[in-house]
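Here are the chains, one letter per residue:
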Amino acid sequence: GTSNFASGSEEVEVLIALVKDGEVIAGVAYCPMLEILYYAEKGKGAYRKRNGEVIKLAVLPKKLEEGMMVTYMNNAYYTEFGANLFKPLPYVRGVLVGTCSYAGLVDNVATVELYGSTSIWDIAAWQSIVTEAGGVMCDWKGNEIVYQFSNPEQKYNTLVCHPDNKTLLLEILN
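Computed from a predicted structure; not experimentally measured.

Considering the overall build of the chain
Moving on, step 1. Of the regular secondary structure elements, the chain holds 5 helices and 10 strands.
Moving on, step 2. When burial is assessed residue by residue, the chain has 44% of its 174 residues classed as buried.
Moving on, step 3. Look at the contacts in the chain between residues 6 or more apart in sequence, and 59% of them connect residues 24 or more apart.
Moving on, step 4. By element, 51% of the accessible surface of the chain is carried by carbon and sulfur atoms, the whole surface being about 9,100 Å².

Take a look at the structure:
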């Protein structure tokens, strides 16, 4: 979000995650230029506040071919995975991490969000929001994201989708 802010883009977000005993238990994603607030707490659901209206978020099941994929990955990842992954999706849109990153899934605009080489500060808050909305966030092997707090420069490849699509997406990725 820093480079987006510096360039004058409206797609800037402030992310806050609350971690207890190594587990993300709450997350906030605020997009100040768009005046949209996403938030979640473990066991209490996920919500979006926009224009004074608060709605509970729920990731709806969709077939991959009915949806859109939002992605950001460098050329090496695209070369390795792009050809297979993009075939079942009619609309592929690339965005930069830090632009209300995972909002596409929780707002039911995207069917899958795939990000390569993200940092803990890009994903921890969204993990809470996505999972509380009924989505899944895992690495590209299907494993739970385990944060390396002792190594803040650790990079994570994330797959975010409805649970019904996880197996097929992992087969395509692997």
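Digging into the confidence of the model for the chain
Moving on, step 1. When pLDDT is averaged along the chain, the result is 84, and 82% of the positions lie at 70 or above.
Moving on, step 2. Within the chain, the lowest mean pLDDT, 53, falls on strand β7 (residues 91-94), and the highest, 98, falls on strand β5 (residues 53-56).

As for the side chain of R48
Moving on, step 1. Inspection of the secondary structure assignment puts R48 in strand β4 (residues 45-50).
Moving on, step 2. At 2.5 Å, the side chain of R48 and the side chain of D107 are in polar contact.
Moving on, step 3. When neighbours within four sequence positions are excluded, R48 is seen to be in contact with I36, L37, Y38, E53, V54, I55, L57 and D107.

Notes on the packing of aromatic side chains
Moving on, step 1. Scanning the entire structure with this criterion turns up 6 aromatic pairs.
Moving on, step 2. Summarising the aromatic geometry, the rings of Y39 and Y47 are spaced 5.6 Å apart at their centres and angled 25 degrees between planes, so their arrangement reads as stacked.
Moving on, step 3. In this structure Y47 comes out as partly exposed when scored by relative accessible area, which is 23%.
Moving on, step 4. Through successive ring pairs, a cluster of aromatic residues spans Y38, Y102, Y115 and W126.

Let's talk about the environment of W140
Moving on, step 1. In this fold, W140 is placed in the loop between β9 (136-139) and β10 (156-161).
Moving on, step 2. Classification of W140 as buried rests on a relative accessible area of 6%.
Moving on, step 3. For the pair formed by W140 and N174, sequence separation is 34 residues and the distance between their alpha carbons is 7.8 Å.
Moving on, step 4. At 3.1 Å, the side chain of W140 forms a polar contact with the backbone oxygen of T158.

Here's the deal with a nonpolar patch on the surface
Moving on, step 1. Residues F5, M33 and L34 make up a contiguous nonpolar surface patch of roughly 290 Å² in combined accessible area.
Moving on, step 2. By secondary structure assignment, the location of L34 is in the loop between β2 (23-31) and β3 (36-41).

Looking at the nonpolar core
Moving on, step 1. Y38, Y102, V106, W126, I129 and Y147 are the most contacted members of the largest nonpolar core, which totals 29 residues.
Moving on, step 2. Of all the elements in the fold, those that place two or more residues in this core are β2, β3, α3 (103-106), α4 (120-132) and β10.
Moving on, step 3. The element that contributes the greatest number of residues to this core is α4, accounting for 6 residues.
Moving on, step 4. Sequence-distant contacts of V106, that is, excluding residues within four places in its chain, are made with Y38, L57, V59, W126, I129, V130 and A133.
Moving on, step 5. Counting 12 residues, the second-largest nonpolar core is a separate cluster that includes L114, V136, C138 and C161.

Scoring rules and cut-offs
- Residues numbered from 1 in each chain as written.
- Predicted model: local features only at pLDDT ≥ 70, side-chain atom pairs only at ≥ 80, totals over all residues.
- Heavy atoms only, no water.
- Helix = DSSP H or I, 4+ residues; strand = E, 2+ residues; numbered from the N terminus.
- Buried < 20%, exposed > 50% of the residue type's maximum accessible area, 1.4 Å probe, protein only.
- Contact = heavy atoms within 4.5 Å.
- Areas by Shrake-Rupley, 256 points an atom, 1.4 Å probe, with all protein chains shown as cover.
- pLDDT = per-residue confidence, 0-100.
- Polar contact = N/O pair within 3.5 Å; in protein donor to acceptor, adjacent residues only side chain to side chain.
- Phe/Tyr/Trp six-rings, centres within 6.5 Å; stacked < 30°, edge-to-face > 60°.
- Patch = residues over 30% accessible without salt bridge, like charges linked within 9 Å, V, L, I, M, F, W, Y side chains within 5 Å.
- Salt bridge = Lys/Arg side-chain N within 4 Å of Asp/Glu carboxyl O.
- Core = buried A, V, L, I, M, F, W, Y, C linked by side-chain atoms within 4.5 Å.

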